[in-house]
Amino acid sequence: MALSQCLCVALASIPDALLGSPGGARGRLSVDPKCIVAANSELRCEGTGVGLVKEAIVFLLDSSSPHVQKYVRQQILIVSKRWAGFVPLSLEYVHFTISTVMPYTCGDGSGGLNHFDHALCAYLIQIYEGASMTNDQLMASAAGITAESNCSGHQLGKKKQSSKSKKRHKEKLDNVLNGDDAKRQEAESEAFYRGRVACHAAIWTREFMHLHLIKDLEFMEKHPGHVVDGEGPIGCICSCAAACIPHFFSHGPISAEDVSESIKLFGFLTEAMQKICSSQNRSVRALVYENLATVHSALVNETTSANPSEIQMMAVHFICKCIFILSEKCKYPDGYFVDLSRNNDEDAEIERNDVRDLVRAVCALDLKAAQSPLIPQIIMDHILQYCMSGALDEGKKHSMPSETSIHLLSATAKPLQYLIQMLDQGNVSDFQVVERIINNALDCLSEYCEKLLRCFSQRHSINETLPISRLVCITTAAFASLFSGLVELSSTLQNTIQVKVERTIGLAVLAVMSSVLNIPELTAVSSLSNTRYDIRGAMRAPGGEDHCGCIALMRMVKTGENLTLKCMECAARVQNTGIVSIYQEMMKIYNTLLQSEAERASTQVHGSGVTPTSRRVYLSAIIDIGIVTTKKYPETAKEIFCIMNDLFQKSINAVMSCRELSGRTQTHKYFILCEASMDLSAFPPSFCNKLFDENNLEMKATEWLIEACISGFSQNNKEEPSESSIYWGRLRGGVMALLRSSADPGFSNFAVQGIISLISSECNAILSYCQQNADVLSSIFHDQVIGDDVLPAGAVLITVRDAITSFLRQVTKQAMDRACEHHAVSSFISVLFGCKDSIFRATCAHTGIKLTTWVDPRPTVLEAWLLSMSEMIKLCIKIGFEDNKEIHQLVGESLALCVKLLMQKCVEKETPGKGHVETLSLDGPQTLAMVEFFEQSFKLGKSVLEVLARILVVEMQLDSSQTAGRDASLVGGGIIFASVYRCASGAVPPWAIENLPAIFESLCICCGYELKIFYAMICIGAELKLVEPYQYGCVRSALAGYYYDTMKLQTREQFMKKAQEILESDSNDRWRKLKVLIKSACGGKKKASDFNLKPQYTNWDCDRI
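In this text, all values refer to a predicted model and were calculated from it rather than measured experimentally.

(A) Focus on the overall build of the chain. Helix and strand content of the chain: 47 helices and 0 strands. With the C-alpha coordinates aligned to their principal axes, the bounding extent of the chain is approximately 95 × 90 × 55 Å. Residues counted as buried form 55% of the 1105 residues belonging to the chain. Working note: accessible area of the chain is about 47100 Å², and carbon and sulfur atoms make up 50% of it. Computing the positive centroid from 108 side-chain charges and the negative centroid from 121, the chain places the two 3 Å apart.

Right under this line is the structure:
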């Protein structure tokens, strides 16, 4: 017995030890890849591999007692499964193993699965999975490498694969896949052989699998909460379908003699898969998705003619039936929406998403792929006909539309969009099928919208209308691109389709409007903060954050002006009224939402109406509608602009009403101001400009907003933030949004002064906190007020960056009037000059101790400043303002700021001196912004280096023997290189050093491509020192840091010589080589640093605060 056990374990471990993934047993061996290929070939050979295994098993069976034979028979399956995972098993071997163990299985299906049954299912699954491998996977496997570098999990204690290792792996894989044709032919032959073996194995075990399938399904029906075993009979049949059905597509019946058996197997598998889809157990149905997608993929790849074969059409009907069954099974159960305050069933929502993804997959039309779109079109046609039958069910003509059908329809939106693109490109072979698909999709949605509108008019309960309304809005939003495409193609479409398109768009817009009016966004308190899919009474896409109706209208509007116009025209036509009437109705809905919001408590967002964020989404959409409509129909301008002006004035009045403090708390006042400013920012610049025009009375409202925002900085204390402070933090976002909307293209004088005041107030608050020199709590520089969770510091400065970016985008698209350009640039420069001193003081603010209890605002202020400066440089270069002296002064001073901050950081082997101070951290996106700024700044020429030198030579007290008599730009370049040396020595995170080549190239351009000047800067940077015994930041002697300060003369000469050789070379990667040289001179790669990984830029988005 012991000998048999040892032999079986040894046989089972051979393939994994020699051919396993790098993370398995092979990971402990040092094996030449050629040896692995040779071993692979030997194991695949009958005489040296599988054949020997069979001989060993036969010997064990013949020489063992009956008791031991039972153990050996079970081990046969385990050994064979291990081998099947790496090499193709011969047909004779598979027949031998199955026939040997089949008598010991529960052939009648009674009594559940025994050990043999479990082992047999696992063995068969391995065979089927091997038969499902692609040619590329087989070629990689034969070469002894995995098809994916990360296919195996990461082992504890083992170093993760580096990017270079992944690159080498990819190169090896590409060499294998792009090798000679003989290898690919071998893989194709192996794929055929594996498929043939899998089909035979399925035929030999069909009765066994059928009996156990019925037994398993019955058990799972009785236990709907039980999780199915993926390696049981159900999982085995799903794997079998994914292996055998594609084989039939590619090669037909397994042999001429076994045609009937192949047909029986095909029928058995399709019927079994439909039974699995029909199971009441969710985990059972989940096994179908991936395998059904595999069958579909094979069907699409093998269908090349315009007339699919009989078996291909049978497969199409099989896929469609499975889709219909799955869609019915994942519908919301009866009574699901009785209690709308309950949380959604997470498993149910996940299944609905999976079914929707599956529908998208089987209908997918890849415009770039070589496959024929015929099969996806046929499947889409069947699905839409099924949806149409549900929509037109005469028995439910006056009831709620079918939830299942709408759910299916929503999943076809993207494939339909691709179909329209194909129609536009003239790539449609069967126009009748495409026409029927489009007709059915439009008829379905229009029928659903009509039924929903009827239900609203008949005042059905919200428990009935909410789920249907939500799905209709989701579908409308998904169809926005489809509608846009159809509108653009309207001149080429038949008249009947044009009529349907217009009717569907009109009904969809009216249904969306009614949904916004009748269905509240939240019927009870949202649970999205601690659940994944929120409460059942949330009129949102599962897990979303906005009212579906508001999102649908926004999607229709943002897709394009043509669709926006068509929405209004079609809605007016369906309702038999004018466009202005539709617009008035939209505004009435908005006023109703506004009224509902006013009637709720300031902190309450459920019960009636929508959240403020969703209301603003709706507001933004209807404002865009109004502007687009007046362009097309000037006769409507007077009435529509009158409506918009009334709405605009209402928000202004809300701001002015807050001056009356009686009866209102400070918290409530901040709430009203925030919402009003956010509402005002939704209007276009032509409206928002009035708020910053000194000749308009509306400016009083802006003054009050800015005053309220500035006053909040005085609330800073050493306590947790009050509710008032939290709402003031939101007000900052409202003011930021309003300032951003007012830039058209630049800022007015009043806006400039307001921005400077806001930035200065924030910077003064930062400076005031640092001057306390105490690690105490801050009530405003806190996660709940000014921080990443709400709105980071520097937000107002970012509005300047956004305005510059927006203007740069405009001038890139089309030439603008020079006066307009001058006004915009002047306003940007005025803001930057007006606030630079405050920003420099705040970012350089330091303390004698490390501050840990506040959310440090200095890094994001620095980031915002540097991002603004980078954009300003790009703009000036674009419009020909690069010689502007004010810009050069700003850039030079900003470079000096960056250098000063770098000099405050101790580098490797340096220790803080006496009186060392704590400054802002450089471990974050602020350094990312600094890197970009350095690269952009040098494009303005040597004058920025001269400004830098004039500032720092005096402030740092540099040794005059190294600076006197030298050109200021050379000294400035030397200071830059000294900073580079400090960076490479550990002053900044290692990822920042990787950007040095781009900075070097920019600096070389600054030098006019004079490499002698560039080389001189390298030398000066290594020489610059402070006047003794003066200390600046962490610098005691050499600006470049410890390594250059202690470098021997010979080593220094070798470094300079190597640098000169690199500069004089014609190599395309000389800047990279220079970076490597500098890193090497500065102690090499800083592997043991405490820096974080490369970050993303800070997000100052204020739409959702």
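(B) Fine view of unusual backbone geometry. Of note, the bond from aspartate 744 into proline 745 is cis; its omega dihedral lies within 30 degrees of zero at -10°. One can find proline 745 in the loop between helix H32 (723-742) and helix H33 (749-771). Looking along the chain, the bond that leaves glutamate 1028 and enters proline 1029 is cis, with omega of 0°. Backbone geometry at asparagine 576 places phi at a positive 55°, although glycine is not the residue there. Among the secondary structure elements, asparagine 576 is positioned in the loop between helix H25 (561-574) and helix H26 (579-599). Despite not being glycine, glutamine 957 shows a phi value in the positive range, around 60°. In this fold, glutamine 957 is placed in the loop between helix H39 (943-955) and helix H40 (960-963).

(C) Examining the packing of aromatic side chains more closely. Under the criterion given, the structure shown has 30 aromatic pairs. Centroid distance phenylalanine 683 to phenylalanine 687: 5.5 Å. Interplanar angle 40°. Geometry classified as tilted. Members of the aromatic cluster, each reached through a chain of ring pairs, are Phe977, Tyr981, Phe1000, Phe1014, Tyr1044, Phe1055 and Trp1071.

(D) Examining a negative patch on the surface more closely. Together, Glu129, Asp229, Glu231 and Glu290 make up a region of like negative charge exposed at the surface. Looking at where glutamate 231 falls in the secondary structure, it is placed in the loop between helix H10 (206-222) and helix H11 (233-251). Exposure remark for glutamate 231: the relative accessible area of 38% places this residue in the partly exposed category.

(E) Here's a closer look at empty space enclosed by the protein. For the coordinates displayed, the defined rule picks out 6 cavities of 30 Å³ or more. Of the pockets and cavities examined, the largest cavity occupies roughly 170 Å³. Residues of the lining of the largest cavity, tallied by class, amount to 12 nonpolar, 2 polar and no charged.

(F) Region of the structure containing the packing of helix H15 (residues 310-329) against helix H16 (residues 346-363). It is at 10 Å that the axes of H15 and H16 come closest, and there the two elements cross at 160°. With respect to their mutual orientation, H15 and H16 come out roughly antiparallel. By crossing handedness, the relation of H15 to H16 is classed as left-handed. For the pair H15 and H16, the contacting residues are Ile319, Ile323, Leu326 and Ser327 in the first and Val355, Leu358, Val359 and Val362 in the second.

(G) The nonpolar core, seen in detail. By size, the foremost hydrophobic cluster in this structure holds 365 residues, and its most contacted members are Met586, Phe1014, Leu1074 and Ile1078. Sequence-distant contacts of methionine 586, defined by excluding residues within four places in its chain, comprise Val509, Met513, Leu553, Met568, Tyr618, Ile622 and Ile625.

(H) Broad picture of helix H34 (residues 795-813). The end-to-end C-alpha separation of H34 is 27 Å, in line with the 27 Å expected for 19 residues at 1.5 Å each. For H34, every residue scored as buried is listed here: Ala795, Val796, Leu797, Ile798, Thr799, Val800, Asp802, Ala803, Ile804, Phe807, Leu808 and Val811.

(I) Quick peek at helix H29 (residues 666-681). Over its 16 residues, H29 runs 22 Å from end to end, which matches the ideal 22 Å to within 8%, given 1.5 Å per residue. In terms of burial, H29 is largely enclosed, as 14 of its 16 residues are buried.

(J) Spotlight on the environment of leucine 902. Mapped onto the elements, leucine 902 comes out in helix H37 (residues 885-903). Since its relative accessible area comes to 1%, leucine 902 is described here as buried. Apart from residues no more than four positions distant in its own chain, leucine 902 is found in contact with Leu922, Met930, Ser979, Arg982, Cys983, Ala987 and Val988.

(K) Layout of the pattern of salt bridges. Within the structure shown, the criterion is met by 39 salt bridges. With a closest N to O distance of 2.9 Å, arginine 615 and aspartate 679 form a salt bridge. With arginine 615 in helix H27 (residues 612-632) and aspartate 679 in helix H29, this pair connects stretches of sequence that are 64 residues apart. Given a relative accessible area of 5%, aspartate 679 falls into the buried group. Between arginine 732 and glutamate 762 there is a salt bridge, with its nearest N and O atoms 3.3 Å apart. Here arginine 732 is found in helix H32, whereas its partner glutamate 762 is found in helix H33, with 30 residues between them in sequence.

(L) Region of interest: the packing of helix H24 (residues 548-558) against H27. In contact at an axis separation of 9 Å, H24 and H27 are set at 30° when each is read in the N-to-C sense. The orientation of H24 relative to H27 falls into the category roughly parallel. Considering how the two elements wind past one another, H24 and H27 form a crossing that is left-handed. In this structure, H24 uses Cys550, Ile551, Leu553, Met554, Val557 and Lys558 to contact H27, whose residues at the interface are Ser614, Val617, Tyr618, Ser620, Ala621, Ile622, Asp624 and Ile625. For the contact of H24 with H27, the class distribution of residues is 10 nonpolar, 2 polar and 2 charged.

(M) Local environment of the side chain of serine 778. Structurally, serine 778 is set in the loop between H33 and H34. Residue classification places serine 778 among the buried residues on the basis of a relative accessible area of 0%. Polar side-chain contacts of serine 778 include one of 2.8 Å to the side chain of asparagine 716. Within polar-contact distance, the side chain of serine 778 engages the backbone nitrogen of phenylalanine 781 at 3.1 Å. With residues near it in sequence (within four places) discarded, serine 778 still touches Asn716, Asn717, Glu719, Tyr769 and Trp854.

What counts, and where the lines are drawn
Residues numbered from 1 in each chain as written. Predicted model: local features only at pLDDT ≥ 70, side-chain atom pairs only at ≥ 80, totals over all residues. Heavy atoms only, no water. Helix = DSSP H or I, 4+ residues; strand = E, 2+ residues; numbered from the N terminus. Buried < 20%, exposed > 50% of the residue type's maximum accessible area, 1.4 Å probe, protein only. Areas by Shrake-Rupley, 256 points an atom, 1.4 Å probe, with all protein chains shown as cover. Lys, Arg positive; Asp, Glu negative; His and termini not counted. Charge placed at Lys NZ, Arg CZ, Asp CG, Glu CD. Phe/Tyr/Trp six-rings, centres within 6.5 Å; stacked < 30°, edge-to-face > 60°. Patch = residues over 30% accessible without salt bridge, like charges linked within 9 Å, V, L, I, M, F, W, Y side chains within 5 Å. Salt bridge = Lys/Arg side-chain N within 4 Å of Asp/Glu carboxyl O. 1 Å grid on protein atoms, 1.4 Å probe; cavity = no way out; pocket = protein on both sides within 12 Å on 5 of 7 lines; lining within 4 Å. Points joined across faces, edges and corners; volume = space filled by probe spheres on them. Nonpolar A, V, L, I, M, F, W, Y, C, P; charged D, E, K, R; others polar. Axes fitted to C-alpha atoms, helices over the stretch in contact; angles between N-to-C directions. Parallel < 35°, antiparallel > 145°, perpendicular 65-115°, else oblique. Left-handed = near helix turned anticlockwise from the far one by under 90°. Contact = heavy atoms within 4.5 Å. Core = buried A, V, L, I, M, F, W, Y, C linked by side-chain atoms within 4.5 Å. Expected span 1.5 Å × (residues − 1). Polar contact = N/O pair within 3.5 Å; in protein donor to acceptor, adjacent residues only side chain to side chain.

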